[in-house]
Every structure is written in structure tokens, then in C-alpha cells.
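The residues making up each chain are set out below.
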Amino acid sequence: MRVLVLNCGSSSVKFAVIDTDTQKAISSGLVENIGANSYIKAKGPKNGFEKDLDAATHADAIFAVQQYLKEQDLIESIEAVGHRVVHGGKFVKSEPITSEVIDYIKSITLFAPLHEPAHAIGMEEAKKYFPTLPQVAVFDTAFHQTMPVKAFLYAIPYEIYLNQSVRRYGFHGTSHRFVSGEAIRLLGQKPEDTYLITAHLGNGCSAAAISQGKCVDTTMGFTPLEGLVMGTRSGSIDPAILFFLNKTLGYDIDRLDQLLNKESGLLGLSGLSNDMRTVTQAAAEGHERAKIALEVFCYRLAREIGGLAMALPRLDALVFTGGIGENSAVVRERVLNNLTILGFQLDAKKNAQNGKESSGLISKDGTPKAIIIPTNEELLIAMDTEAFV
Ligand code: AMP
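Here, residues in each chain are numbered from 1, in the same order as that chain's written sequence. Only residues with pLDDT of at least 70 get local features here, since the model is predicted, and only at 80 or more are side-chain atom pairs given and counted; chain-wide, interface and lining totals rely on the full set of residues. Only hydrogens and water are set aside; all other atoms, that is, all heavy atoms of the structure, feed into the side-chain values.

A. Expanded view of the site of the ligand. The full set of residues close to the ligand is Gly202, Asn203, Asp275, Met276, Arg277, Gly322, Gly323, Ile324, Asn327 and Ser328. A 3.5 Å cut-off defines polar contacts: any pair of N or O atoms within that distance qualifies, except that in protein one atom must be a possible hydrogen donor and the other a possible acceptor, and neighbouring residues in sequence count only when both atoms are side-chain atoms. Residue Asn203 places a main-chain N or O atom 2.9 Å away from an oxygen atom belonging to the ligand. Take Met276: an N or O atom from its main chain is 2.7 Å from an oxygen atom of the ligand. Reported accessibility uses the Shrake-Rupley method at a 1.4 Å probe radius. Residues are deemed covered only where the shown protein chains occlude them. Taken by itself the ligand offers 500 Å² of open surface, and the protein chains cover 70% of this. When contributions to the shell around the ligand are tallied by element, the ones reaching two or more residues are helix 10 (276-284) and helix 12 (322-327). It is helix 12 that contributes the most residues to the shell around the ligand, 4 residues altogether. Per-class residue counts for the shell around the ligand are 2 nonpolar, 6 polar and 2 charged. Residues are labelled near a given molecule or strand when at least one of their non-hydrogen atoms is within 4 Å of it. In this text, helices come from DSSP runs of H or I with a minimum length of four residues, and strands from runs of E with a minimum of two, each type numbered from the N-terminal end. Residues were grouped as follows: Ala, Val, Leu, Ile, Met, Phe, Trp, Tyr, Cys and Pro as nonpolar; Asp, Glu, Lys and Arg as charged; and all remaining residues, including Gly, as polar.

B. A look at the pattern of salt bridges. The working definition used for a salt bridge is a side-chain nitrogen of Lys or Arg within 4 Å of a carboxyl oxygen of Asp or Glu. Going through the model one piece at a time under the given rule, you end up with 16 salt bridges. Close ionic contact of Asp73 with Lys46 constitutes a salt bridge, the shortest N to O distance being 3.1 Å. Of this pair, Asp73 sits in the loop between helix 1 (58-71) and strand 6 (80-85) while Lys46 sits in the loop between strand 4 (39-43) and strand 5 (48-52), and the two are 27 residues apart along the sequence. As far as burial versus exposure is concerned, Asp73 and Lys46 are alike and both exposed. Across the salt bridge formed by Arg185 and Glu182, the nearest N and O atoms sit 2.4 Å from each other. With a gap of 3 residues between them, Arg185 and Glu182 both fall in helix 6 (residues 173-187), about one helical turn apart. Only protein chains enter the accessibility calculation, which uses a 1.4 Å probe; a residue is then buried when its area is under 20% of its type maximum, exposed when over 50%, and partly exposed in between. Since its relative accessible area comes to 59%, Arg185 is described here as exposed. Among the charged side chains, a network of salt bridges with common partners joins Arg168, Asp217 and Glu226.

C. Local environment of the side chain of Thr194. By the secondary structure assignment, Thr194 is in the loop between helix 6 and strand 9 (195-201). Given a relative accessible area of 0%, Thr194 falls into the buried group. Contact criterion: two residues are considered in contact whenever any of their non-hydrogen atoms come within 4.5 Å of each other. In this structure, Thr194 is in contact with Ile184, Leu187, Gln189, Ile210, Ser211, Gln212, Gly213 and Asp316, ignoring residues within four places of it in sequence.

In C-alpha cells:
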């Protein structure tokens, strides 16, 4: 089956046409900078290109995507549309899209203010261009809905959970689900007898404890700000810092939001960049703050993995994925070296090859397994969509 996968972000629309039989993308691309200086970059069976666009809205961007798919003679072959949705609120699994689902997504805009409206527009626009095709929403939060109460509740008055739905939701669920499924296959174990920790390390970073194929805890919470140190996000900090900065520097809510989401993490610590490549390179050249940024990133990641291990009866494998997890031998080495308490021992040669030998295994034989597994969220969205059709 050919599935169009749409990922409507705050100012971008990513797309891919996935053939679920071959599990390959026939075409993919993105419209970036919607609203100002937008452009489309795409590749398909006939040709690929990058050109400026005048896309003021997400609707304009989706028009441009379907134009491109028409030019590539692909539009008629698409049999279903799958949408990536950041926040699924109450949804525990992927859902066929109905007007009720779209209304619900709009109703939880406050949970992810930049993303949910874009997702709703994406669904409504796709319905215009593909009125007869089934459409499915795949939520980043859904995989984490199996977390027990002890893992998802904050210790604040219970009424705030009941009335405002403030709880830990977790994100990157599609990636954690995909790589944990792949890991179970690679290990050759039964899902019901497998215990994993998955670390999705990209621009955003999160880790999850997976027991018998189900998420039992994860590092992100009510929003994707909680947990690990990220490119520009702080991860968890003492919330009293916010009161302190308000009183001492007069920072209001918007300024604090900007500080923690856009100016912190690797960028804030290093003063150089949110990109792990730049930070690692600078650290190797002796840049003091880059060294600190790398050390804090890896230590905090190891500490969180240690905490997640507590949620499992045993650990069969630690999985690295995402741009950093798949490519940064330095980060993986430091994390495993911080985790000797769990018995991990790195195979330096395999790690340096980015796990391309032995199915991505980077740990020494006879020691707890650490594996690199490239994530493929688009494929999982396409497979979920096919499953509904
Ligand atoms: P993602 O969000 O999964 O696309 O990951 C993006 C991040 O991966 C970038 O911001 C980089 O920090 C990181 N990354 C990509 N390639 C490398 C590499 N070769 N070494 C270290 N980090 C990398």
C-alpha cells in the first residue's frame, strides 16, 4: 500500500510517500519556513528540486506538496494518508480521523500550542485533496499511555490532574515504539519476555523504559521540556528557579518559556551551538564550556537511564537512536562509561563504526547489550495507517 505521511510542524510540513510492501519512501520532502521565506525541498521518482515558495499558511504548504506529488505522477497511487500528531491527549493508540478527532485535537491546543492547530489544518486540507481516502492520526504520546499512575502523576494537588489534565504524557512515542519493536526482533526474544530502555537522542531527547512491549516510564512529561538535556531545551530543572528569575531579573512567563525552550541545553551551556557535532568538535579542541556541555549531557542521560532501569525487573538491551544516538560515538561511549553499575562495557571498534557491524551492537560480547537502531517514524505511521485500512 502507498501511504502519504504528513508531519505538520509549527512552521513546516514534512511529507513522505511510503510503500508499505517494500518499506521504502518513493518520495519525500518538506516545506520549511511557512509564513516567511518559505521553500520546498523534495525528491520523487521523476526529479527532485528545491525552490522558493510563497506559502503564508500550512494550507498553502499542503497545496504545494500535492502539486509536487501530481507532477511526480504519484497522486493517483496514494491509498491512504497518515498524520503525525505531537499530542494525543486521551488517545491511547492511533485513530482513524473523523471530525470528532479533529475537534478533540483543536480542543487540546493549549497542550502543544504550536503543533495542534497545524495538525488540524493538515487533516482538513488533506481531506480536501483526498476526499475518499482513509486518514489516520498517529500520536507521539499514545505509546506512553501504558505508564502506571505512579509514573505519570506529578506530586501536586490531585485536582489539577483531574480538572486540568496535568500529568506526564511523554513524547517521541512513535520512535520509541518503532525501535523497541526492532530491538525485540533483533534480540530474537518474545515481546512478553523483553525489557528495554530506548534513548531517542536528536534535537529533542527522551528515554523510555519498555517492559514486555509496553512503555512503563519515560523522561518527557506534560511537555517535551521535561527530562534530558537537549539541543536548546534545559530538560528538568528545579521549578523554583523560575520564581527566582522572576523576582531577581523580572523575567515574565514568555521570557522564561524562551529561556528554557530555546536558549538552554547544549546551546546555553556551551554558548556555541545546539548541534552535538559542533559541541563535540569544540570539546575535542579544548573549548571549556563545550566540554562542560558534553559532560552534563552525557551524565544526565546516564542518570536518567539508571532511574528508568529501576522500573524494569532486568535490562535486556539499551537502544540508541535519533541523530545523536545513531551518529555520536563519543556520546554513546560516555554514557556507557557512566553506566558501569548496570554492567555495560563498550566495544570501542564497533562503536566507532556506528554499530554497522553485528546488527548495530556496540557492547562487548557477554556483557549487557547496547544497540544502535535507526529510527523510522514515517514507516511506523504508514504501517499504522495501513493496519486501519
Ligand atoms: P534528529 O533530530 O534526530 O534529526 O537529530 C538532529 C541532531 O543530531 C543534530 O542536531 C545533531 O546534534 C545530531 N547529529 C547528527 N549527526 C551527528 C553526528 N555525526 N555526530 C553527532 N551528532 C550528530
